[in-house]
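What follows is each chain in one-letter form.
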Amino acid sequence: FKEIGFLPEAFINMLALLGWNPGLEQELFTLQELTTHFSIERIHKGGAKFDFEKAKWFNHQYIQKADNTYLAQALQDFIPIEHRNHIARPLLEQVIGLVKERLYLLKDFWEQASFFFVRPLQWDTASLNSKWNEKTNHFFEQYLQLLAQTDTWTVSDLEHQFLDLMQRHELKKGEVLLPLRIMLVGAKFGPDVFAIEQSLGKEESIWRIKNTLNLLAS
């Protein structure tokens with residue numbers, strides 16, 4: 001179970017409730033709380049039934065509550081070895097904070113977050129066909145110029161600049177936010193798109209947007 005990405009404290013919590021009922025509505029217990037509440041009288045007479053999905057639920061709860069520094073260490077074995085020593089710890093912890101609500105097992109991390117550290121192998125431009133036209137193309141050409149002149153690279157500033165430009169071009173969020181996500185991620189998933197942009201940095205964000213525009217043009 002450790003090898004597929006269960007945290008030990010989550011697994012202990014789940015195991016404790018197999019065959020034992022504390023008589024409370026509470027399901028998440030620290031080891032100290034389990035020690036305090038446990039009594040032999042509350043062990044079930046019937047056999048315990050292991051539910052893998054429920055076990056994953058416990059793990060998901062613990063991942064969301066866990067400190068990002070702790071998770072950064074726990075995740076080391078789930079990052080491909082060729083990338084493991086090339087990811088700066090502050091960036092890793094920042095990305096964990098963005099994606100951990102999507103993780104049920106630690107092995108989910110690379111699938112959910114690899115695009116922060118490695119350029120996508122392909123871009124889902126097919127999903128842009130219904131939204132792409134001369135107007136949206138011109139918007140993103142203007143957006144590239146705006147990013148190139150941007151000195152402040154915070155989530156709030158990036159969002160404000162994008163939405164302001166969107167309004168000036170008389171576009172709706174649905175017309176431009178999904179394209180931006182696909183440009184940065186390569187696909188239609190991930191956390192807040194401006195948090196992604198901030199984490200990728202200026203140079204990489206501009207490169208990915210330009211690359212997608214070139215793909216669409218061809």
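Residues numbered from 1 in each chain as written. Predicted model: local features only at pLDDT ≥ 70, side-chain atom pairs only at ≥ 80, totals over all residues. Heavy atoms only, no water.

**Some details on the overall build of the protein**
Each helix and strand in the protein was counted, giving twelve helices and zero strands. The helix and strand sequence of the protein, counted from the amino end, reads α-α-α-α-α-α-α-α-α-α-α-α. The C-alpha atoms of the protein give a radius of gyration of 22 Å, which is well past the 17 Å a tight globule of 218 residues would have. If one aligns the C-alpha atoms of the protein with their principal axes, the spans along those axes are about 70 × 35 × 30 Å. Per-residue burial for the protein yields a buried fraction of 43% across its 218 residues. In the form shown here, the protein has an accessible surface area of approximately 12,400 Å², with 50% of it arising from carbon and sulfur atoms. Taken together, the 23 basic and 28 acidic charged side chains of the protein have centroids lying 3 Å from each other. (Helix = DSSP H or I, 4+ residues; strand = E, 2+ residues; numbered from the N terminus. Rg over C-alpha atoms; globule rule 2.2 N^0.38 Å. Buried < 20%, exposed > 50% of the residue type's maximum accessible area, 1.4 Å probe, protein only. Areas by Shrake-Rupley, 256 points an atom, 1.4 Å probe, with all protein chains shown as cover. Lys, Arg positive; Asp, Glu negative; His and termini not counted. Charge placed at Lys NZ, Arg CZ, Asp CG, Glu CD.)

**As for the side chain of asparagine 13**
One can find asparagine 13 in helix 1 (residues 8-16). Within the structure, the side chain of asparagine 13 is placed 3.0 Å from the backbone oxygen of glutamate 27, a separation counted as a polar contact. Looking at asparagine 13, its side chain comes within polar contact range of the side chain of tyrosine 62, at 2.6 Å. Filtering out sequence-adjacent residues up to four positions away, asparagine 13 remains in contact with Glu27, Leu28, Phe29, Leu34, Phe58 and Tyr62. (Polar contact = N/O pair within 3.5 Å; in protein donor to acceptor, adjacent residues only side chain to side chain. Contact = heavy atoms within 4.5 Å.)

**A word on the packing of helix 10 (residues 173-185) against helix 12 (residues 202-217)**
One can describe the packing of helix 10 onto helix 12 by two numbers: an axis separation of 8 Å at closest approach and a directional angle of 110°. As far as their axial angle goes, helix 12 and helix 10 are roughly perpendicular. Contact with helix 10, carried on its side by Leu180, Met183 and Leu184, involves Ser205, Arg208, Ile209, Thr212 and Leu213 of helix 12 and no other residues of that element. Class assignment of the residues belonging to the contact of helix 10 with helix 12 gives a composition of five nonpolar, two polar and one charged. (Axes fitted to C-alpha atoms, helices over the stretch in contact; angles between N-to-C directions. Parallel < 35°, antiparallel > 145°, perpendicular 65-115°, else oblique. Nonpolar A, V, L, I, M, F, W, Y, C, P; charged D, E, K, R; others polar.)

**Side note on a nonpolar patch on the surface**
On the surface, Phe1, Ile4, Phe50 and Phe52 cluster together into a nonpolar patch covering about 340 Å² of accessible area. For isoleucine 4, the position within the fold is in the segment before helix 1. By relative accessible area, isoleucine 4 is classed as partly exposed at 32%. (Patch = residues over 30% accessible without salt bridge, like charges linked within 9 Å, V, L, I, M, F, W, Y side chains within 5 Å. Salt bridge = Lys/Arg side-chain N within 4 Å of Asp/Glu carboxyl O.)

**Concerning the side chain of arginine 181**
Looking at the element boundaries, arginine 181 is found in helix 10. No salt bridge is formed by the buried arginine 181, whose closest oppositely charged neighbour, aspartate 192, lies at an N-O distance of 6.0 Å. In contact with arginine 181, not counting residues within four places along its chain, are Gly186, Ala187, Lys188, Phe189, Gly190, Pro191, Asp192, Val193 and Ile196.

**A closer look at helix 3 (residues 52-65)**
Between its first and last C-alpha atoms helix 3 spans 20 Å; for 14 residues at 1.5 Å apiece the expected length is 20 Å, and the two agree. Of the residues making up helix 3, those classed as buried are Ala55, Lys56, Phe58, Asn59, His60, Gln61, Tyr62 and Ile63. Tucked into the core, helix 3 has its buried residues touching helix 1 and helix 4 (68-74). Here helix 3 starts with a cap whose side-chain oxygen sits 3.0 Å from the backbone nitrogen of glutamate 53, and that cap is aspartate 51. (Expected span 1.5 Å × (residues − 1).)

**Quick word on the environment of tryptophan 20**
Considering the arrangement of structural elements, one finds tryptophan 20 in the loop between helix 1 and helix 2 (31-37). Linking tryptophan 20 and phenylalanine 38, residues 18 residues apart in sequence, is a C-alpha distance of 8.2 Å. With residues near it in sequence (within four places) discarded, tryptophan 20 still touches Leu34, His37, Phe38, Ser39, Arg42, Ile43 and His44. Separated by 3.5 Å, the side chain of tryptophan 20 and the backbone oxygen of serine 39 make a polar contact.

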